[in-house]
Amino acid sequence: MYQSKIAGLGSYVPENVVTNDDLSKLMDTNDAWIQERTGIKERRHIKKGDGNTTAVMGVKAAKIALERSKISKDDIDLIVFATLSPDLYFPGCGVQVQEMLDIDTCPALDVRNQCSGFIYALSVADQFIKTGMYKNVLVIGSENHSGGLDFTDRGRSVSVIFGDGAGAAVLTRSNHIGQGILSTHLHSEGKHAMELSLKGPSTLHWVPEIIAENPQGDDIPYYPYMNGQFVFKNAIERFSEVIHEGLTANGLEVKDINMLIPHQANLRISQFIQKKLDLSDDQVFNNIQKYGNTTAASIPIALTEAWEQGKIKEGDLVVLAAFGSGFTWGSAIIEW
Ligand code: COA
């Protein structure tokens, strides 16, 4: 049995900064409400014509991660791409990335696990490396939310939260047992699938039918629906549960954590977990204030920033944890 480690990290966010004040020009909202409930000050949105798409942003992040890993794109054995906002209905973004990076015929797959997408993707990559089937895996999380949000009063409780961006990690076989990904733990609970969901366009909600059934456009299934308070309550439970699960499986305790990178769902959720686990400010990394919730991209963007800022050093115990639509949740315990 082998072990995997992260050999390189990269991230990319579009240049276009959208502040809370910018949003208040589009809908009935304000900076105070958004900051108080979510901690978000601004987010990035793709600007029409800037060339960015979910796959393109993923490629930009991947190029940085590959360069830092010193692993050639030609040595990548598998691409795993996590997103809820793919460029196309099919095929997935993984094969688009493969084409854009000019990688020959390695397998490429997409993971559709929303806010937990990156941890699920990391876990998939880790299993392939552990068994020895593959040595180097490119894992990407990328989202183009701004193209699919409702920027009217009707969508304000959802659209102020989400932002665009991408992050990537190159995983490789670790030469030292004990260094790298120690474990991943994944969960889902499909009975809450509709509490945070986007129904259409889909095979159940084709666009012509949507238009025929909603001539006034008052019940539009192709904008996301979120039961905010229900999501909040479940998130704070599941986050701490799955962090404990990962630590216990490795004989570790909360006090051993050097850096917790929670999925950037909402600053209030991160603060709640921090308090529940009794972690200091230095032990938790947040950057939702600048980027909003970038779903599958949020952990790799935050992990990259924490690493760039020297907040993660060799030998540190790094914990990643996420919760989101599905519901799905998971954690990864990493000895850096
Ligand atoms: N600006 C101003 N007012 C807003 C608003 C906005 N953007 N969005 C909603 N409101 C209003 C509501 O209409 C409501 O008004 P009312 O009291 O007159 O009816 C009021 O604010 C409170 O709404 P409510 O939905 O109860 O607020 P909340 O305290 O639950 O906060 C969330 C809303 C979405 C911020 C909060 O539920 C949350 O963070 N949930 C978790 C979401 C999340 O993390 N999602 C990602 C999971 S991965």
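Residues numbered from 1 in each chain as written. Predicted model: local features only at pLDDT ≥ 70, side-chain atom pairs only at ≥ 80, totals over all residues. Heavy atoms only, no water.

Draft legend 1. Region of interest: the overall build of the protein chain. A tally of regular secondary structure across the protein chain gives 11 helices and 13 strands. Whereas a compact globule of 336 residues would reach a radius of gyration of roughly 20 Å, the protein chain reaches 19 Å, a difference of no more than 12%. The dimensions of the protein chain, computed from C-alpha atoms along their principal axes, are 60 × 50 × 35 Å. As displayed, the protein chain has an accessible area near 14900 Å², and 51% of this comes from carbon and sulfur atoms. Within the protein chain, the 41 negative side-chain charges are centred at a point lying 3 Å from the centre of the 30 positive side-chain charges. (Helix = DSSP H or I, 4+ residues; strand = E, 2+ residues; numbered from the N terminus. Rg over C-alpha atoms; globule rule 2.2 N^0.38 Å. Areas by Shrake-Rupley, 256 points an atom, 1.4 Å probe, with all protein chains shown as cover. Lys, Arg positive; Asp, Glu negative; His and termini not counted. Charge placed at Lys NZ, Arg CZ, Asp CG, Glu CD.)

Draft legend 2. Region of interest: the site of the ligand. Near the ligand, the surroundings consist of 23 residues, among which Thr-29, Arg-37, Arg-156, Gln-229 and Asn-266 are the closest. Within the contact set of the ligand, an oxygen atom lies 2.6 Å away from a side-chain nitrogen or oxygen of Arg-37. Here an oxygen atom of the ligand and a side-chain polar atom of Gln-229 are 2.8 Å apart. Look at the ligand: alone it shows 960 Å² of surface, and the protein chains cover 71% of it. Given that more than half its atoms are within 2 Å of the pocket grid, the ligand belongs to the second largest pocket. When contributions to the shell around the ligand are tallied by element, the ones reaching two or more residues are helix H2 (31-38), helix H6 (156-159), helix H8 (228-249) and strand S12 (317-324). If one sorts the elements of the shell around the ligand by residue count, H8 sits on top with 4 residues. A per-class count over the shell around the ligand returns 11 nonpolar, 9 polar and 3 charged. Mapped onto the domain boundaries, the shell around the ligand takes at least three residues apiece from domain 1 (3-178) and domain 2 (181-335). (Near = heavy atom within 4 Å. Polar contact = N/O pair within 3.5 Å; in protein donor to acceptor, adjacent residues only side chain to side chain. 1 Å grid on protein atoms, 1.4 Å probe; cavity = no way out; pocket = protein on both sides within 12 Å on 5 of 7 lines; lining within 4 Å. Sits in = over half its atoms within 2 Å of the grid points. Nonpolar A, V, L, I, M, F, W, Y, C, P; charged D, E, K, R; others polar. Domains from an automatic or database assignment.)

Draft legend 3. Just helix H11 (residues 298-308), in detail. For H11, a buried count of 9 out of 11 residues is recorded, marking the element as mostly surrounded by other parts of the structure. Ser-298, Ile-299, Pro-300, Ile-301, Ala-302, Leu-303, Thr-304, Glu-305 and Ala-306 are the residues of H11 that are buried. Immediately downstream of H11, the backbone of Gly-310 shows phi near 70°, a positive value. (Buried < 20%, exposed > 50% of the residue type's maximum accessible area, 1.4 Å probe, protein only.)

Draft legend 4. Representation of the sheet that holds strand S11 (residues 259-262) in the model. Spatial strand order, S8-S13-S12-S11: 4 strands in an open sheet with mixed pairing. One side of each edge strand has no neighbouring strand; the edge strands of this open sheet are strand S8 (180-188) and S11. With direction set aside, neighbouring strand axes in the sheet form an average angle of 10°. Where S8 lies against strand S13 (residues 328-335), 8 bridges are found, and the strand directions are antiparallel. Bridging across to S13, Leu-186 finds its partner in Gly-330. The sheet contacts of helix H5 (residues 117-130) involve S8, S12 and S13, and relative to S8 the element is tilted by about 125°. (Pairing = 2+ DSSP bridges. Axes fitted to C-alpha atoms, helices over the stretch in contact; angles between N-to-C directions. Contact = heavy atoms within 4.5 Å.)

Draft legend 5. Just the layout of surface pockets, in detail. Roughly 1200 Å³ of internal volume is contained in the largest pocket. Contributing to the lining of the largest pocket are 38 residues, with Leu-84, Ser-85, Pro-86, Arg-112 and Leu-198 lying nearest its centre. Of the residues that constitute the lining of the largest pocket, the class distribution is 17 nonpolar, 17 polar and 4 charged. Around the second largest pocket sit 22 residues that line it, and Ile-161, Met-226, Gly-228, Gln-229 and Asn-266 are the ones nearest its centre. The set of elements that each furnish at least two residues to the lining of the second largest pocket consists of H2, H6, H8 and S12. In terms of residue count, the dominant contributor to the lining of the second largest pocket is H8 (5 residues). Looking at the lining of the second largest pocket, its residues break down into 13 nonpolar, 8 polar and 1 charged. No fewer than three residues from each of domain 1 (3-178) and domain 2 (181-335) sit in the lining of the second largest pocket. (Points joined across faces, edges and corners; volume = space filled by probe spheres on them.)

Draft legend 6. Looking closely at the side chain of Ser-202. Secondary-structure assignment places Ser-202 in the loop between strand S9 (196-197) and helix H7 (207-213). A relative accessible area of 16% means that Ser-202 is categorised as buried.

Draft legend 7. The arrangement of the sheet that holds strand S6 (residues 136-143) in detail. Taken in spatial order, the 5 strands make up an open sheet running S1-S7-S6-S4-S5, and their pairing is mixed. If you trace the sheet from one side to the other, it starts and ends with strand S1 (4-12) and strand S5 (108-111), each paired once. The mean angle between the axes of side-by-side strands here comes to 20°, regardless of whether they run parallel or antiparallel. Relative to S5, strand S4 (residues 78-82) is paired through 4 bridges, and the arrangement is parallel. In the strand pairing of S5, Val-80 is matched with Leu-109. In the packing of H11 onto the sheet, contacts are made with S1 and strand S7 (165-173), and the angle to S1 comes to roughly 95°.

Honestly, that's just the spatial picture; any functional story needs more than this.
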